[in-house]
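Observations on the model geometry
Each chain, letter by letter, is given below.
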Amino acid sequence: MSVNFLKWNQRQPWQSCYIWAVWAEGPLGFGLLMSCRIVQAFQLYHVFVKRRLPPVKPFVLLILILLPWIGGAAFIHINKPLNHQCHMRTQWVIPVVCIHAFYIAALIGVTRAVRHIEFRFHEFKDLLQGIIVSSIAVGFWIGAYILNEVHEDILWVQVVSRFLLLVTASVLVLVFFSMSVSQPLLSQISLRKRESTEFVTMGQALGIPGCGLLVQTASVAGVDLHQPLDKLLQDKRFRQSFMDFADSCLAGESVHFFEEVHELGKIPLDDPVRRIYMARHIIENYIVTGAEMEINISHRTRQEILGTLDLAHPDLFNHAVNEMMQLMKMNLLKDYWSSMNFVKFKEENPRQPDSSEPAGWDLSPRLSCVRCTDNPFNHEQLHKCPSGRKCDV
């Protein structure tokens, strides 16, 4: 358009300087980038330094931080200080540069507050990368603006400088930080998709000992089935069998929650960073209302966990575990003793005490069936069972 290669008979609204030089560069460009990075740093500071969940939801905080950019863009749009060549007078340039510098300074300040944390998934490196790229973008912005003002009569300088303004201020940063824009926090403190090694569980990602596939050895001792359920679930073989049965009944979230809390207990108390990673993972997947595997616990217990003052506390999930244990005893345990899962468990673990069978239960084998397409816990069954048929699990 600058060299008249593209022409329109009538001037269109989207050709306005205020669309590209004000809104695209500010609230929708550099402002959005910096706001996302500040949200990340703020969330990391609260979770790992304060050891508590942030008081404000990420998207709410993002909107609040963007408000100065939106207000400034609206103020400039109303006053219309740009001339016909999209140039702005000096008295307007100084406040614009100051707001850019202020947001970079804010990001640097919050990042310094978390520099001593030994993150597991490169969060601090990402924040530093955001500071560097943002500073370079502002440098290009200032350089392009100076060229645009000094050489106002040279056409190719105008085209190049405005191209740099557009690319460095909006297009480049939005593409480079697309993950930050779409998910300002989730990608920063969760399993990273870009990791070369794929982890099935958060426990494996954190390097918790004993996590992973169940390895059967010939020297293991038998399981005393007269023990309470919480003791039985300490045994990994029994827990896996009981979990498979619960999954087949579409009630596996309770056993999965117990296993995650059990893995959390293996992390030493003097390693708060890994404990916080694991605790937040459990909260996001089992405790938060609407979570993918939300467990059925009382409102009081849920609020106690969400409002905790220490995410690394060893007793954080004790009340929730006790409530889930009662539910499993009432709803799952009796049916498990008479299921094919229990029969298979006894066959695979013959080294049981002679009197290990629990008394008072009907131990006749019973099939536990569920349609493969209805089982959200075991997606592998979808590839093994014909569509529309039932499968023994």
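Residues numbered from 1 in each chain as written. Predicted model: local features only at pLDDT ≥ 70, side-chain atom pairs only at ≥ 80, totals over all residues. Heavy atoms only, no water.

Looking at an unreviewed UniProt entry, one finds the protein named Regulator of G-protein signaling 1 isoform X5, with Phoenix dactylifera as its source organism.

1. Looking at the overall build of the protein
Definition in use: Elements are defined by DSSP. Helices are runs of H or I of four residues or more, strands are runs of E of two residues or more, and each kind is numbered from the N terminus. For every residue, the accessible area obtained with a 1.4 Å probe (protein chains only) is divided by the maximum for its type, and the residue is called buried under 20%, exposed over 50%, and partly exposed between those limits.
When its secondary structure is counted, the protein shows 16 helices and two strands. Counting only residues that meet the buried cut, the protein has 42% of its 393 residues in that class.

2. Focus on the packing of helix α1 (residues 17-24) against helix α3 (residues 58-79)
We count it as follows: Where helices are involved, their axes are fitted lines through C-alpha atoms of the stretch in contact, as for all axes, and angles between N-to-C directions lie from 0 to 180°. An angle counts as roughly parallel when it lies under 35 degrees, as roughly antiparallel when it exceeds 145, as roughly perpendicular when it falls between 65 and 115, and as oblique in every other case. By the definition used in this description, the sense in which the near helix is turned from the far one sets the handedness, with an anticlockwise turn below a right angle giving left-handed and a clockwise turn giving right-handed. When checking whether two residues touch, look at their non-hydrogen atoms; a contact exists if any pair is within 4.5 Å. Residues are grouped as follows: Ala, Val, Leu, Ile, Met, Phe, Trp, Tyr, Cys and Pro are nonpolar; Asp, Glu, Lys and Arg are charged; all remaining types, including Gly, are polar.
Axis separation between α1 and α3 bottoms out at 10 Å; the angle between their running directions is 155°. By the criterion of interaxial angle, the relationship of α1 to α3 is roughly antiparallel. As α1 packs across α3, the resulting crossing turns out to be right-handed. In this structure, α1 contributes Y18, V22 and W23 to the contact, and α3 contributes I70, A73, A74, I76 and H77. In the contact of α1 with α3, the residues fall into seven nonpolar, one polar and no charged.

3. Here's the deal with the environment of R280
Locating R280 in the fold gives a position in helix α12 (residues 272-287). A C-alpha to C-alpha distance of 9.5 Å links R280 and A312, two positions 32 residues apart in sequence.

4. Here we look at the pattern of salt bridges
Test applied: Every case where a carboxyl oxygen of Asp or Glu lies within 4 Å of a side-chain nitrogen of Lys or Arg is listed as a salt bridge.
In the structure shown here, the tally under the stated rule is eight salt bridges. Residues K266 and E263 are paired through a salt bridge, measuring 3.3 Å at the closest nitrogen-oxygen approach. A residue is classified by how much of its surface remains accessible, and K266, at 31% relative accessible area, is partly exposed. Residue class for E263 comes out buried when judged on its relative accessible area of 6%. In this structure, R300 and E304 form a salt bridge, with 3.5 Å as the shortest nitrogen-oxygen distance. Separated by four residues within a single helix, R300 and E304 lie in helix α13 (residues 299-306), roughly one turn from each other. On the basis of relative accessible area, E304 is assigned to the partly exposed category, the value being 36%.

5. Brief notes about the packing of aromatic side chains
The criterion, for reference: In this analysis, rings of Phe, Tyr and Trp, with Trp reduced to its six-membered ring, are considered paired at centre separations within 6.5 Å, and the interplanar angle assigns stacked below 30 degrees, edge-to-face beyond 60, and tilted for intermediate values. In this analysis the charged atom, NZ for Lys or CZ for Arg, is taken to sit over a ring once it is within 6 Å of the ring centre and within 35 degrees of the ring normal.
Within the structure shown, the criterion is met by 16 aromatic pairs. On the numbers, 5.3 Å between centres and 65° between planes, the contact of W69 with Y103 is edge-to-face. Here W69, found in helix α3, pairs with Y103, found in helix α4 (residues 90-113); they are 34 residues apart in sequence, far enough to count as distant. With respect to class, W69 is no different from Y103; both count as buried. Each member of the aromatic cluster is reached from another via a ring pair, and the members are F238, F242, F245, Y336, W337, F342 and F345. Above the ring of Y18, the side-chain terminus of K80 is found at 4.9 Å from the ring centroid.

6. Focus: a nonpolar patch on the surface
Just so we agree on the cut-off: Patch membership requires over 30% relative accessible area and the absence of a salt bridge. Like charges are linked within 9 Å, and nonpolar side chains (Val, Leu, Ile, Met, Phe, Trp, Tyr) within 5 Å. With residues, only the protein chains shown are counted as cover, and all accessible areas are computed by Shrake-Rupley using a 1.4 Å probe.
A cluster of nonpolar side chains, namely F59, V60, I63, L64, L67 and I70, defines an oily patch on the protein surface of about 530 Å² accessible area. With respect to the helices and strands, L64 occurs in helix α3. What makes L64 partly exposed here is its relative accessible area of 47%.

7. As for the environment of G265
Locating G265 in the fold gives a position in the loop between α11 (253-264) and α12. Each C-alpha atom, one on G265 and one on M278, is 9.9 Å from the other, the two residues being 13 residues apart in sequence.

8. Overview of α4
This is how it is decided: Multiplying one less than the number of residues by 1.5 Å gives the expected span of a helix.
For α4, spanning 24 residues, the distance from its first C-alpha to its last is 35 Å, which sits close to the expected 34 Å at 1.5 Å a residue. All of the buried residues in α4 are W92, V93, V96, H100, Y103, I104, L107 and T111.

9. Notes on α13
For the record, the criterion: As used here, the arc belongs to the directions running from the helix axis to the C-beta atoms.
Within α13, the full set of buried residues consists of T301, R302 and I305. Projected down its long axis, α13 carries its buried residues within an arc of 100°, all on one side. Along α13, the residues that are exposed and aim more than 90 degrees away from the buried face are H299 and R300. Buried residues in α13 make contact with α12 and α14 (318-337).

10. What to know about the UniProt feature "transmembrane region" (unreviewed entry) in the protein
Filter applied, for reference: UniProt positions are given in the numbering used here, feature names are shortened, and annotations may be inferred rather than shown by experiment.
The UniProt record annotates "transmembrane region" (unreviewed entry) at residues 20-39, 59-78, 90-114, 126-147 and 159-186. Within residues 59-78, the helical portion is 100% and the strand portion 0%, while the C-alpha atoms at the span's ends are 27 Å from each other. What you have in residues 90-114 is 96% helix and 0% strand, and the ends, taken at the C-alpha atoms, are 37 Å apart.

11. Remarks on the nonpolar core
To keep it simple, the criterion reads: Nonpolar cores were defined as sets of buried Ala, Val, Leu, Ile, Met, Phe, Trp, Tyr and Cys residues, with membership established by side-chain atoms within 4.5 Å.
The biggest cluster of nonpolar side chains holds 75 residues, and the ones touching the most others in it are F48, F238, F242, F257, I287 and F317. Broken down by element, the residue count for this core peaks at 10 residues, all from helix α2 (residues 26-49). In terms of nonpolar packing, the next biggest core, distinct from the first, is built from 12 residues, C17, A73, L82 and M88 among them.

12. Focus on unusual backbone geometry
Look at K80: it is not a glycine, yet its phi comes out positive at around 50°. Within the secondary structure, K80 is located in the loop between α3 and α4. Non-glycine residue L250 carries a positive phi angle of around 60°. Among the residues examined, L250 registers a relative accessible area of 38% and is labelled partly exposed.

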